[in-house]
Amino acid sequence: MVAVKRVAVIGAGPAGAITIDALAKEKSFDLIRVFERREAPGGCWLADKQPPPLLSDLAALASRSADAPIPLPDRLPAQRPKIANPRYAESSIYPYLETNIDSIPMEFTQEPIPAERSQRSIALHGHDTPFRHWSVMQRYIQGLVDRNGYQDLVSYNTTVERAEKVGHEWKVTLRKDGAEKDYWWVEWFDAVVVASGHYSVPYVPAIEGLEQFEKLRPGSVMHSKQFRGKEYFQGKRVVIVGASVSGADVAVDLVNTAVSPVYAVVSGHRANAYFGDEAFNHSQISKQPSISRIEARNVHFVDGNSVRDVDNIIFGTGYSWTLPFLPQVEVRNNRVPNLYQHVVYQKDPTLLFVGAVAAGLTFKIFEYQAVLAARILAGRAILPPLAEQEKWEQDRIAARGDGPKFTLVFPDFEDYFEDVRALAGPGEHGLGRQLPPFKREWFKAFLDGHELRKKMWRRINAQAWDELDVNLNGLDLGGQKKTRSPPPTYGPDLLNKIPNVTQRGRLDPSIVG
Ligand SMILES: Cc1cc2nc3c(=O)[nH]c(=O)nc-3n(C[C@H](O)[C@H](O)[C@H](O)COP(=O)(O)OP(=O)(O)OC[C@H]3O[C@@H](n4cnc5c(N)ncnc54)[C@H](O)[C@@H]3O)c2cc1C
Ligand SMILES: NC(=O)c1ccc[n+]([C@@H]2O[C@H](COP(=O)([O-])OP(=O)(O)OC[C@H]3O[C@@H](n4cnc5c(N)ncnc54)[C@H](OP(=O)(O)O)[C@@H]3O)[C@@H](O)[C@H]2O)c1
């Protein structure tokens, strides 16, 4: 590898923010430039000032081909009309979003997350709640960027539209948002660190009749990314798709606001590895299998059941990995192949990734990856031979498959942290950000945080089933059992036979169960 003196970092979310520190502390580079397409740091933790745009091009979202590369101006620098394509830079934040991971395993090892607790979180989890409001996280990341003069390294409102290797150099084509027109130009680097995240482009599955449903009432098909709080859904009949974190959070949140029950398409789908499906065991959530088709505003499920007059379908179906600025780098099965230790692009170690892992001890992993990337670029970490790197990937595919599970570090956190730390080495002459050995208490706090959330759902659900009991006692159920049984015997099967029970115990005849 030629000596690396100029490094570009793409993205100023948590991964980019810690990468700046890791690079700067090596004191080996003449130029560190950070390009961030938003107006401030924070990545997923930076809220929008505008309402989110409506979903467009559902077919492209379904085939994971949205966010394609755009044509570059022939000559640069140039001013050009603003681009028309959606780039999905907007946030997934709603006003009361909190972290769902304990702050201790989440924070970087040298920068504690402030112990600011919201009233909402205290009410849900107690006075020592380990979860933090999104705004605490945004300020935390902003603080990491606005220190030691790092803020001067960042160019905001600047999208990397292309990064391509020309000879030994990286040609980076940039587009800065202007009020009327965009400004395009090129900068040259020896290496590129990609910290652009992978929770930006919504995945919305292809379903017969979905486009028509959206056309009938634009905005009725939503992704969890566009969720901005429950108020909008007051009195609306809602189907939520997705059995993981977003699906669970939105479904539980809409109970008592949307028309009851809230329909959750979860059966047969992957519950979140950490949280399971506890959230959906609520008396006012009706669990459903996959949607088979949609006719006008009627949603049909694969078991033959259907719901009439649906106002909104919200997809908590996750996100698609995209790298429109790196057309030469493959995205396969919603992951980026050829990344040794999820960091080093095997075909060219001047291209490195920080953050190319599924959620887990997220920020801490980014920190270890960032230090490894910085040490490699500083020439202070030695990579194993290519054959060994390729074997690492093949062994992992054999163990975890060639899809998103490949990027899930859980439960092998200790092995991964220690492997990356060993590869990064101690640095030279006391230079560089120092990585402490993995601490098992991080993992324990991580698991304990999940248990807290499951406990919260169990409490809410038990209360909801008790309330339903009281309400059912006033109903004529045609001989069905009216007294309380615990949820497993008294679960959604019975509820599905009662077409709709509102919180006040009235039957809603407009629903087909
Ligand atoms: C709703 C939601 C809640 C979450 N909650 C948690 C949680 O509680 N705990 C947890 O650990 N994780 C959580 N996550 C996971 C989240 O991915 C991480 O917390 C973290 O934000 C990822 O950091 P990142 O820097 O890798 O990516 P991001 O945070 O996505 O940051 C990437 C940055 O790169 C910029 N960028 C992208 N492309 C370009 C380009 N071409 N040019 C210039 N800039 C570009 C983006 O604008 C963005 O600022 C959550 C994710 C979501 C979507
Ligand atoms: N801090 C917070 O409170 C918070 C809130 C939201 C999200 N997040 C984070 O954001 C990240 C993304 O989470 P996410 O829940 O949005 O996405 P996700 O974890 O990728 O889950 C997507 C879900 O959609 C399901 N799905 C996909 N296609 C489907 C289809 N055709 N029909 C029905 N279901 C389908 C998946 O199951 P199958 O694959 O089996 O189909 C899975 O259950 C996670 O890291 C999460 O922790 C955090």
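What counts, and at which threshold
Residues numbered from 1 in each chain as written. Chains lettered and ligands numbered in written order. Predicted model: local features only at pLDDT ≥ 70, side-chain atom pairs only at ≥ 80, totals over all residues. Heavy atoms only, no water. Near = heavy atom within 4 Å. Polar contact = N/O pair within 3.5 Å; in protein donor to acceptor, adjacent residues only side chain to side chain. Areas by Shrake-Rupley, 256 points an atom, 1.4 Å probe, with all protein chains shown as cover. Helix = DSSP H or I, 4+ residues; strand = E, 2+ residues; numbered from the N terminus. Nonpolar A, V, L, I, M, F, W, Y, C, P; charged D, E, K, R; others polar. Pairing = 2+ DSSP bridges. Axes fitted to C-alpha atoms, helices over the stretch in contact; angles between N-to-C directions. Contact = heavy atoms within 4.5 Å. Domains from an automatic or database assignment. Buried area = accessible area lost by both parts, 1.4 Å probe. Salt bridge = Lys/Arg side-chain N within 4 Å of Asp/Glu carboxyl O.

Undergrad: I tried to follow the site of ligand 1 on my own but got confused; where do I start?
TA: What surrounds ligand 1 is a group of 29 residues, the closest being Ala15, Glu36, Cys44, Asn100 and Thr362. At 3.3 Å, a backbone N or O of Pro14 approaches an oxygen atom of ligand 1. Here an oxygen atom of ligand 1 sits 2.6 Å away from a polar atom, N or O, in the side chain of Glu36. Within the complex, 92% of the 980 Å² of free accessible area of ligand 1 lies under protein. Elements represented by at least two residues in the shell around ligand 1 include exactly helix H1 (14-26), strand E5 (158-166) and helix H8 (362-377). Residue classes in the shell around ligand 1 are distributed as 15 nonpolar, eleven polar and three charged.

Undergrad: Would you take a moment to explain the sheet that holds strand E11 (residues 238-241) for this structure?
TA: The strands making up a sheet associate through hydrogen bonds between their backbones, and the pairing can be parallel or antiparallel. In spatial order, the strands read E10-E17-E11-E12-E13; together these five strands make up an open sheet with parallel pairing. The open sheet is flanked by strand E10 (221-223) and strand E13 (285-288), the only strands paired with a single partner. When the angles between neighbouring strand axes are averaged without regard to direction, this sheet yields 25°. Inspection of the sheet shows E11 paired to strand E17 (residues 312-315) by four bridges, in the parallel sense. Bridge assignment links Val239 to a residue of E17, and that residue is Ile313. The strands touched by helix H7 (residues 245-254) within the sheet are E11, strand E12 (262-265), E13 and E17, with E11 carrying the most contacts at an inclination of about 160°.

Undergrad: Could you clarify how one ought to interpret the sheet that holds strand E15 (residues 298-301) in this entry?
TA: Within the open sheet, the three strands sit side by side as E14-E15-E16. Their pairing is antiparallel. This sheet does not close on itself; its edge strands, each paired only once, are strand E14 (291-295) and strand E16 (306-307). Both E15 and E16 contribute to a ladder of two bridges, which runs antiparallel. The residue of E16 that forms the bridge with His300 is Ser306.

Undergrad: What is the right way to read the site of ligand 2 from this model?
TA: Neighbouring residues of ligand 2: 21 residues in total, closest Glu98, Ser244, Ser246, His269 and Arg270. For ligand 2, an oxygen atom lies 3.1 Å from a polar atom in the backbone of Ala243. The contact in question runs from an oxygen atom of ligand 2 to an N or O atom on the backbone of Arg270, over 2.6 Å. Contact with the protein chains hides 78% of the accessible area of ligand 2, taken as 900 Å² for the molecule alone. Here the shell around ligand 2 takes three residues from H7, the largest share from any one element. The residue inventory of the shell around ligand 2, partitioned by class, reads nine nonpolar, nine polar and three charged. Residue assignment places the shell around ligand 2 across two domains, with domain 1 (6-97 + 133-201 + 320-438) and domain 2 (205-317) each supplying three or more.

Undergrad: Would you explain the domain arrangement of the chain in this entry?
TA: Interface size is commonly expressed as the accessible area that is lost once the parts come together. Domain boundaries assigned for the chain yield domain 1 (6-97 + 133-201 + 320-438) and domain 2 (205-317). If you average the C-alpha positions of domain 1 and of domain 2, the two centres end up 32 Å apart. At the interface, 22 residues of domain 1 touch 19 residues of domain 2. When the two sides are added together, the surface that domain 1 and domain 2 hide from each other amounts to roughly 1,600 Å², 59% of it contributed by carbon and sulfur. The largest contributions to the domain 1 side of the interface with domain 2 come from Leu55, Leu58 and Tyr96, which together make up 33% of the buried area. The interface formed by domain 1 and domain 2 contains one salt bridge. Among the salt bridges present, the one from Asp48 reaches Arg228, with a minimum N-O distance of 3.2 Å. Linking domain 1 with domain 2 are ten residue pairs in polar contact (both at pLDDT 80 or more). For the side of domain 1 that touches domain 2, the element with the highest residue contribution is helix H2 (residues 58-62), accounting for three residues. Considered class by class, the residues forming the side of domain 1 that touches domain 2 number 16 nonpolar, four polar and two charged.

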